[in-house]
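So you can see what is in the structure, the chains are spelled out below.
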Amino acid sequence: MAGSRRSVGIVGVGSALPEKVITNGDLEKMVDTSNQWITTRTGIKERRIASPETATSDLALTAGRRAMERAGIEPEELDLILVATTTPDMAFPSTACIVQAGLGAYNAAAFDLEAACSGFLYGLAIGEQFISSGVYETVLIIGAEVLSKIVNWSDRNTCVLFGDGAGACVLRPVTAGKGILSHYLGADGRGVKLLQLPAGGSRLPASAATVEQGLHYIEMQGAEVFKFAVRIMGEASLEALRRAGLAREEVDLLVPHQANHRIIMAAAKRLGLTPEQVIVNLDRYGNMSAASIPVALEEAVSEGRIRDGDNVLLVGFGAGLTWGAAVLKWGL
Ligand code: UT7
């Protein structure tokens, strides 16, 4: 970033995915849907589902540990743990505090961040600020979700879309010119009702009536979110590139939020990217909200699809409405 601020990069990535797989064929037996509809409208073929006893912090902890191992970081070196999630273990205390105790990272501050599917990108920007300004050296950002527990498994409009998982990255200072070159965050609260979980907060506290009315499940106006997503994925990407001083042609790899294959490909087209330059894993995991970008990033790194010096563009959108994008020059 500009001025005397330090460059900050991702020095380790990790992920955690539940073992249990639910295929489109399984869903055909649960709701009035078809493998053909789900595949052609979304690109999703299967998703991972956490066991009843697994909470978001369990997946977050595993992903965080793996990222720290890759980075060669000990728990006591962490200055901040940030968990982006829409499915915290409970309203309070934060899932980040539960992860901190699990890691034994008692020198770290810890808090949760709610920006829905954009949460990981919001977290990346916050972590970058703390390190570039010299306040912290080492920050762990985790995007983690157990969406299967807030999905209405009798609503075909939503239950086919989501999956569970967690992805994490360790941020540290890196060589000048490498790491996070830019970020861009945005929100439009006029869209709050397009994607929400209405009850369980201070507006509609949990009661027998809210449970009976099914108000503790995800509600979504899918077509409206789709239109917004197609527009904002392109716009946010271009703004982040402008802030990084890069042209579209200089992007090596796009790691987008994994909500819908058609949304991802619309963004790729606007950026002039080939399918080979785009990381897609929603066919295997569905939409994991805040976990989707870090899990995709971890896979891209593990598969050797990101090379030192590559310009990597991350972009996502979510409930709120919110959006975010970041440009990284990969490497230490
Ligand atoms: O991370 C952010 C989270 N949300 C999103 O990213 C969602 C963004 N939106 C989308 O991905 C798409 O809008 C959907 C995949 C949710 C829906 O695709 P669509 O092409 O926008 O379909 P639609 O909502 O316009 O619905 C078309 C039809 C409807 O039937 P009628 O009213 O035309 O008779 C739906 O009832 O498809 C029906 N439908 C289904 N049919 C079979 C909706 N869900 C299903 C289903 N199986 N699972």
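### A closer look at the domain arrangement of the protein chain
No. 1: When its domains are assigned, the protein chain resolves into domain 1 (8–177) and domain 2 (180–329).
No. 2: Just the C-alpha atoms count here: the centres of domain 1 and domain 2 sit 13 Å apart.
No. 3: Each partner contributes to the interface: domain 1 provides 50 residues, whereas domain 2 provides 46 residues.
No. 4: When domain 1 packs against domain 2, the two sides together hide about 3,700 Å² of surface, and 66% of this comes from carbon and sulfur.
No. 5: For domain 1, the biggest contributors to the area lost against domain 2 are Cys117, Leu121 and Tyr122; these three give 17% of the whole.

### What about the packing of helix 8 (residues 222–244) against helix 9 (residues 261–271)?
No. 1: With their axes 9 Å apart at the nearest point, helix 8 and helix 9 run at an angle of 35° to one another. Our pair here, helix 8 against helix 9, has a crossing hand that is right-handed. Contacts from Phe226, Ala229, Val230, Arg231, Met233, Gly234, Glu235, Ser237, Leu238 and Leu241 in helix 8 reach Arg262, Ile263, Ala266, Ala267, Arg270 and Leu271 in helix 9.

### A closer look at the packing of aromatic side chains
No. 1: Counting across every chain of the model gives three aromatic pairs.
No. 2: Pairing phenylalanine 130 with tyrosine 136 gives two aromatic rings, centres 4.8 Å apart and planes at 35°, and the pair type is tilted.
No. 3: Three or more aromatic residues joined by ring pairs form one cluster here, namely Phe228, Phe317 and Trp323.

### A word on the side chain of serine 292
No. 1: When you line up the elements, serine 292 lands in helix 11 (residues 292–302).
No. 2: With residues up to four places along the chain from it excluded, the contact list for serine 292 reads His257 and Gln258.

### Notes on the site of the ligand
No. 1: Close contacts around the ligand come from 21 residues, with Thr33, Cys117, His257, Asn260 and Asn287 the closest.
No. 2: Between the ligand and the protein, one listed contact pairs a nitrogen atom with a side-chain N or O atom of threonine 33 at 2.6 Å.
No. 3: Interatomic distance of 2.8 Å between a side-chain N/O atom of asparagine 260 and an oxygen atom of the ligand.
No. 4: Coverage of the ligand by the protein amounts to 73% of the 950 Å² it exposes when considered alone.
No. 5: Sorting the residues of the shell around the ligand by element identifies helix 2 (35–42), helix 6 (156–159) and helix 8 as the ones contributing at least two each.
No. 6: The greatest single-element share of the shell around the ligand, amounting to four residues, is contributed by helix 8.
No. 7: For the shell around the ligand, a count of residues per class yields 10 nonpolar, seven polar and four charged.

### Overview of helix 11
No. 1: Of all 11 residues that make up helix 11, nine are buried, and the element is covered over most of its length.
No. 2: Listed in full, the buried residues belonging to helix 11 are Ser292, Ile293, Pro294, Val295, Ala296, Leu297, Glu298, Glu299 and Ala300.
No. 3: Looking at the residues trailing helix 11, positive phi occurs at glycine 304, about 70°.

### Thoughts on the sheet that holds strand 5 (residues 109–113)
No. 1: Read from one edge of the open sheet, five strands run 1-7-6-4-5, paired in mixed fashion. Of all the strands in the sheet, just strand 1 (8–16) and strand 5 have a single pairing partner and so form its edges. Shown here is a sheet whose adjacent strand axes are inclined to one another by a mean of 20°, direction ignored.
No. 2: Here strand 6 (residues 139–146) runs beside strand 7 (residues 164–173); their pairing, made up of eight bridges, is antiparallel. What sits directly across from valine 146, in strand 7, is aspartate 164.
No. 3: Lying over the sheet, helix 3 (residues 56–71) contacts strand 1, strand 6 and strand 7, oriented at roughly 130° with respect to strand 1.

### Looking at the pattern of salt bridges
No. 1: Tallied over the full model, the rule gives 11 salt bridges.
No. 2: Among the ionic pairs, glutamate 235 bridges to arginine 231, the shortest N-O distance being 3.3 Å. With glutamate 235 and arginine 231 both in helix 8, this residue pair falls four residues apart, about one helical turn.
No. 3: Take glutamate 235: its relative accessible area is 33%, and that puts it in the partly exposed class.
No. 4: Owing to a relative accessible area of 41%, arginine 231 belongs among the partly exposed residues under this scheme.
No. 5: A salt bridge links glutamate 299 to arginine 284; the shortest N-O distance between them is 3.0 Å. Residue glutamate 299 is found in helix 11, and its partner arginine 284 is found in helix 10 (residues 282–285); the two are separated by 15 residues along the sequence.
No. 6: Shared partners join several salt bridges into a network, and the residues in it are Glu239, Arg242 and Arg243.

### Regarding the packing of helix 3 against helix 4 (residues 95–103)
No. 1: The contact between helix 3 and helix 4 brings their axes to 9 Å, and the two run at 50°. As summarised for this structure, helix 3 and helix 4 are arranged oblique, according to the angle between their axes. Here helix 3 runs over helix 4; the crossing is right-handed. Residues Thr56, Ser57, Ala60, Leu61, Arg65 and Met68 of helix 3 touch helix 4, and the partners they reach there are Thr95, Ile98, Val99, Gly102 and Leu103.
No. 2: In terms of residue class, the contact of helix 3 with helix 4 is built from six nonpolar, four polar and one charged.

Rules used in this analysis
Residues numbered from 1 in each chain as written. Predicted model: local features only at pLDDT ≥ 70, side-chain atom pairs only at ≥ 80, totals over all residues. Heavy atoms only, no water. Domains from an automatic or database assignment. Contact = heavy atoms within 4.5 Å. Buried area = accessible area lost by both parts, 1.4 Å probe. Axes fitted to C-alpha atoms, helices over the stretch in contact; angles between N-to-C directions. Helix = DSSP H or I, 4+ residues; strand = E, 2+ residues; numbered from the N terminus. Left-handed = near helix turned anticlockwise from the far one by under 90°. Phe/Tyr/Trp six-rings, centres within 6.5 Å; stacked < 30°, edge-to-face > 60°. Near = heavy atom within 4 Å. Polar contact = N/O pair within 3.5 Å; in protein donor to acceptor, adjacent residues only side chain to side chain. Areas by Shrake-Rupley, 256 points an atom, 1.4 Å probe, with all protein chains shown as cover. Nonpolar A, V, L, I, M, F, W, Y, C, P; charged D, E, K, R; others polar. Buried < 20%, exposed > 50% of the residue type's maximum accessible area, 1.4 Å probe, protein only. Pairing = 2+ DSSP bridges. Salt bridge = Lys/Arg side-chain N within 4 Å of Asp/Glu carboxyl O. Parallel < 35°, antiparallel > 145°, perpendicular 65-115°, else oblique.

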